[in-house]
Amino acid sequence: MADDSKGTRAGSRRRRAGGSRGRRRKPPARRKGWRIAAWALAGVILLGGGGLGFLYFKFNGNLHGVDINAALGKNRPKDVDNGSQDILVLGSDSRAGANAKYGTDEGSARSDTAMILHVYEGHKKASVVSIPRDTIVSRPECKTSEGRTSPAVKRAQFNEAYSIGGPACAVATVESMTGIRMDHFVEVDFAGFQKMIDKLGGVEVTTAKPIHDKWSHLDLAAGTHTLNGEKSLALVRTRKGVGDGSDLGRIKLQQTFIKALLDQIKSVGLFTSPTKLYGLADTATKAVTTDRELASLDKLMSFANGLKSIESNDMHMVTLPVTYDPRDPNRVVPLEAESAEVWDALRADREIPQSALKDGAGTKTDADNAVKQVSAGKGADGKTEKTEKAEKAEKTAAEKSPVK
């Protein structure tokens, strides 16, 4: 996110997934729960029957949205109309409230995890660019939660943007770095993430060797595990247990976990278990914060419908090309030319070229292959075995259901 390329604003709009229109918008977010919430809600609508009205208002009332558009105004990159979509996904590391058991705050909340999800035209594949939280970037002027103006700075740690100005400042910083307008913003906090994984029934991963990290309280032997919410949270937060203990290694674990999570969501058979479906939908809608444009049940489901064809193997996950900061070896800075290549590719809705990634410090780390998906293979139709089984079960349940 080193790049300072900025676009101008324009009135052209993109088509959104599921039929919504318009392109880049901004929202508040919580961890990786946007996809869980969307699938759960879609299932509730299909199985709701006579209680649909009650369920709609209950889940709709759970959702919380932030008006990013109003906060940022017109000083944003051009809204390109090429059928693609960009979403900023954040995880907050606030230790307030239900998150207090994960440690004490060192001040205000910061974005512990940051990813830009780019959905290509046609909504059959996507790229995810992880932004290391310790990346030094230029931060634009932002409004604080108290309504004051925090002046722009040339050198700021990326995750400080959220701390200073919340979701709006995080989105403004990403748009300043990339020159790409964000269509949406999503956030999940620690407690919400843990509860969603538990409602889902856990996520299956394989560890290549033991992982022991006293800081994140993760203790896993080598082998295959079904991680509950607590252990899943520990895995995506661990730094000391794998690789060189840096954020770059942790990002690799997060990327692998997200793919395993997507496989699990599609294989869990939500449509055949109304109780599990209800519990997951209720938990997810309470946990996820979005931009205002997604903060209603019908809009969130429309958004999800446009993403349902993307399997874990259709998602190309990379780390922003960075190198260690000459001024501070505990921080990283974007490789300017390579980062510009990444953003240019996404802006044009093209695949990210390997030439942009090969020299990045996060491309190959000591944490590579420390954790693997259990089921990553696809059949001839492009679907994973777990997904095919789940779809067959859901089809059978739908055929037997009295609700048509």
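Description of the structure in this document.

This part takes up the overall build of the protein. Regarding its fold elements, the protein presents 11 helices and 18 strands. Burial status across the protein gives 57% buried among its 404 residues. Long-range pairs, those at least 24 residues apart, make up 75% of the contacts in the protein between residues at least 6 apart in sequence. Working note: accessible area of the protein is about 16800 Å², and carbon and sulfur atoms make up 50% of it.

Before going further, it helps to spend a moment on the nonpolar core. Ranked by size, the top nonpolar core spans 47 residues in total, and within it V203, L235, F257 and M315 carry the most contacts. Setting aside residues up to four positions removed in sequence, V203 forms contacts with I197, H225, T226, L227, F257, A260, L261 and Q264. Residues Y162, V322, L346 and L357 belong to the second largest nonpolar core, which totals 30 residues.

Tallying each qualifying case throughout the model produces one disulfide. Here C142 pairs with C169 through a disulfide, and the sulfurs are 2.1 Å apart. Residues C142 and C169 are joined through a disulfide that is right-handed, its torsion about the S-S bond being 80°. Linking C142 in strand β6 (residues 142-143) with C169 in helix α4 (residues 160-178), this pair joins segments that are 27 residues apart in sequence. Comparing C142 with C169 shows no difference in burial state: the two are buried.

Quick look at the side chain of S130 now. Along the chain, S130 turns up in strand β4 (residues 126-130). The exposure class assigned to S130 is buried, which follows from its relative accessible area of 1%. Only 3.1 Å separates the side chain of S130 from the side chain of Q255, close enough to count as a polar contact. If sequence neighbours within four positions are ignored, S130 has contacts with A114, M115, I251, Q255, V318, T319 and L320.

Now for the pattern of salt bridges. Should the charged atoms of two oppositely charged side chains come close, the side chains can pair. Evaluation of the coordinates by the stated rule reveals 12 salt bridges. Here R250 makes a salt bridge to D247, at a shortest N to O gap of 2.9 Å. Highlighted residues: R250 and D247, both in helix α7 (residues 247-267), separated by three residues, approximately one helical turn. R250 sits in the buried class, given a relative accessible area of 3%. A cluster of three or more residues bridged by salt bridges with shared partners is formed by K58, D282 and K286.

Bringing the packing of helix α5 (residues 190-200) against α7 into the picture now. The geometry of α5 relative to α7 is characterised by a closest axis approach of 11 Å and an angle of 40° between their N-to-C directions. In terms of orientation, α5 and α7 fall into the oblique class. As α5 runs across α7, the sense of the crossing is left-handed. Facing α5, whose interface residues are F193, I197 and L200, α7 presents F257, L261, Q264 and I265. The residue inventory of the contact of α5 with α7, partitioned by class, reads six nonpolar, one polar and no charged.

The next thing to look at is unusual backbone geometry. Among all residues except glycine, the phi angle is most often negative; among peptide bonds, the trans geometry is most common. With phi around 65°, H217 is a residue other than glycine that occupies positive phi space. Here H217 shows up in the loop between β11 (211-213) and β12 (218-220). Positive phi is not limited to glycine here, since D349 has a value of about 60°. Inspection of the secondary structure puts D349 in the loop between α10 (336-347) and β18 (371-373). Under the relative-accessibility criterion, D349 is labelled buried at 16%.

Side chains of strand β10 (residues 203-207) alternate between two faces, with V203, V205 and T207 buried and E204 and T206 left unburied. As paired elements, β10 and strand β13 (residues 223-227) share five bridges and run antiparallel to each other. Each bridged residue has a counterpart across the sheet, and for E204 the counterpart in β13 is T226. In this structure, β10 lies alongside β18, joined through three bridges in antiparallel fashion. Bridging from a neighbouring strand, T207 pairs with V371 of β18.

Looking now at the packing of aromatic side chains. Scanning the model with the defined rule gives one aromatic pair in all. Its end group placed over the ring of Y120, K125 keeps NZ or CZ at 5.3 Å from the ring centre.

Let us now look at the packing of helix α6 (residues 229-237) against α7. In contact at an axis separation of 7 Å, α6 and α7 are set at 140° when each is read in the N-to-C sense. It follows that α6 is oblique to α7 by the angle criterion. Of the residues in α7, those touching α6 at S232, L235, V236 and R237 are R250, L253, Q254 and F257. Residue composition of the contact of α6 with α7, grouped by class: four nonpolar, two polar and two charged.

How each quantity is defined
Residues numbered from 1 in each chain as written. Predicted model: local features only at pLDDT ≥ 70, side-chain atom pairs only at ≥ 80, totals over all residues. Heavy atoms only, no water. Helix = DSSP H or I, 4+ residues; strand = E, 2+ residues; numbered from the N terminus. Buried < 20%, exposed > 50% of the residue type's maximum accessible area, 1.4 Å probe, protein only. Contact = heavy atoms within 4.5 Å. Areas by Shrake-Rupley, 256 points an atom, 1.4 Å probe, with all protein chains shown as cover. Core = buried A, V, L, I, M, F, W, Y, C linked by side-chain atoms within 4.5 Å. Disulfide = S-S within 2.5 Å. Polar contact = N/O pair within 3.5 Å; in protein donor to acceptor, adjacent residues only side chain to side chain. Salt bridge = Lys/Arg side-chain N within 4 Å of Asp/Glu carboxyl O. Axes fitted to C-alpha atoms, helices over the stretch in contact; angles between N-to-C directions. Parallel < 35°, antiparallel > 145°, perpendicular 65-115°, else oblique. Left-handed = near helix turned anticlockwise from the far one by under 90°. Nonpolar A, V, L, I, M, F, W, Y, C, P; charged D, E, K, R; others polar. Pairing = 2+ DSSP bridges. Phe/Tyr/Trp six-rings, centres within 6.5 Å; stacked < 30°, edge-to-face > 60°. Lys NZ or Arg CZ within 6 Å of the ring centre and 35° of its normal.

Keep in mind these values describe shape, not function.
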